[in-house]
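As a plain string of letters, each chain reads:
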Amino acid sequence: MAPSGINHLSQPCIYERKSRFMRWLCKLFNSGSNRGAGSGSSHHPQLVGEENMAWRAPFRSLDDRARSQKDKEDLERAIALSLAEDSKRSNGYRWRTDDDDEISSAIRDALNPNPYPPFAPTPYYPSRSGRICGGCKRDIGYGNYLGCMETFFHPDCFCCRACGYPITEHEFSLSGRDPYHKSCFKELNHPKCEVCHQFIPTNAAGLIEYRCHPFWTQKYCPSHEHDNTARCCSCERLESWNARFYSLEDGRSLCLECMESAIMDTGDCQPLYHSIRDFYEGMNMRLDQQIPMLLVERQALNEAIVGEKNGLHHMPETRGLCLSEEQTVTSIRKRPRIGGHRLVGMRTQPQKLIRRCEVTAILVLYGLPRLLTGAILAHELMHGWLRLKGYHNLNPEVEEGICQVLSHMWLETEVMPVDKSRPSTSAASSSSSSSSSKKGVKSDVENKLGEFFLHQIAHDASLAYGGGYRAAQVAVNNYGLRSTLDHIRLTGNFPL
């Protein structure tokens, strides 16, 4: 059967009409199968295609070189006829001939094999786009990319320095060369209030305004100074919303850290009182008189201040008092117990104070940490010592200043480690080591409180307590405590 004029290829909807060249190729392969019959065999014309054109089979010569030359001529003639046939198509429909050139080239290579195989160079794959990702350090190619900080990034490689997730927003924050989500950057850098734990808002000028404690560096919104947020009566820190303070019965508040070492009644305070008297005795400042000491509520202390004729009292709240007048004072007899976040069940008793010397009694607020209670006792005992030794009519800056020096000295022996190579600021070096051996090991929390109380004394802004302390400290450092006290007795002022 004659071959059909249409071939169906594997690709859909693509048709190709068999050309003269392809028909000649079929004839060539068919004739090749008969070449092994011998040189004397004859070939008959073969019908190729539907046009019934006869092509004489190429004559097989005994000379291989002549036969090869004949095949070349036949091949070139077939290619020329095929191209001429395609050019005569008048209906404008062009049959596919792309493969014809490839096949003809392959046949030429087969008829003239090259004894030397072609050289295969090492493949080179240059960067297609010239853009290298700043994150993964790979070629970006032709996909989507971001440009930032004179660098290019794959979208998934431009990540937040804080959370590690890609930055997909149109706006982001930059710190140096590190990108951040705006929310992550705010979380890291925008100050949060340590009371309400919210971001501190900006003021009318668009600036972040907050308050900060000079020692504890507690940052908080300015509004918390006026919204009745509780403040610890000892360390001055504000109550955080996630840490409740204890409420004392006289209206004061106490934080949990100060509560750990708080002294609650007069009986609990007696050992501390006697150790401070020993401290004075070690500095050759013995107190011969037995001065009563009472722990009282705030209201009782304020009432005693009203009845006292002498003395300057530290505002806004007085924590201790050296009485010189006879009074009846209500003292704490039994410590309160903890009920929830309140201290309840405290027992008090009135006590008549009789004047037997220049000093009637020493009163101190209850509920304060041990170190603060001791610092107040050391201060008030110095008032008593001055009165008992005849230091009368001193101006407030001198009297309060030298009392603060003694309070600071006692705190140093409790908080600071004893260093024999460091020159002492007092004559109490011998008593410091002895008192240090008596006291137990303090926690880090209590030592930090002691540092705060030292900071309070040194940086007090008041004229009598702060200014007086700094002037007295200079005199004691230059001349010693004993010489400074002698000069005060004679002149009523600090030595210059």
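Now for a look at the structure at hand. Please read all numbers here as calculations on a predicted model, not as lab measurements. (Residues numbered from 1 in each chain as written. Predicted model: local features only at pLDDT ≥ 70, side-chain atom pairs only at ≥ 80, totals over all residues. Heavy atoms only, no water.)

Let's talk about unusual backbone geometry
Then, number 1: Positive phi, close to 65 degrees, is recorded for K137, a residue that is not glycine.
Then, number 2: Assignment of secondary structure puts K137 in the loop between α3 (98-111) and β5 (146-148).
Then, number 3: With phi around 65 degrees, N228 is a residue other than glycine that occupies positive phi space.
Then, number 4: Of note, N228 is situated in the loop between β10 (219-220) and β11 (246-247). (Helix = DSSP H or I, 4+ residues; strand = E, 2+ residues; numbered from the N terminus.)

Looking at the pairing of strand β15 (residues 320-323)
Both faces of the sheet carry side chains from a regular strand, because those side chains alternate between them.
Then, number 1: Burial of the side chains of β15 extends over both faces: G320 and C322 are buried on one face and L321 and L323 on the other.
Then, number 2: As defined by bridge partners, β15 adjoins strand β20 (residues 361-365) across four bridges and the pair is classed as antiparallel. By the bridge assignment, L321 is partnered in β20 with L363. (Buried < 20%, exposed > 50% of the residue type's maximum accessible area, 1.4 Å probe, protein only. Pairing = 2+ DSSP bridges.)

Section: the environment of R470
Then, number 1: With respect to the helices and strands, the residue R470 is situated in helix α12 (residues 463-479).
Then, number 2: When the C-alpha atoms of R470 and I457 are compared, they prove to be 9.1 Å apart, with 13 residues separating the residues in sequence.
Then, number 3: Residues in contact with R470, not counting those within four places in the same chain, are A458, H459 and D460. (Contact = heavy atoms within 4.5 Å.)

So, the environment of R482
Then, number 1: For R482, the position within the fold is in helix α13 (residues 481-491).
Then, number 2: Using a relative accessible area of 38% as the deciding quantity, one classes R482 as partly exposed.
Then, number 3: For the pair formed by R482 and M283, sequence separation is 199 residues and the distance between their alpha carbons is 9.2 Å.
Then, number 4: Non-local contacts of R482, meaning those with residues more than four positions away in its chain, are made with M283, N284, M285 and W385.

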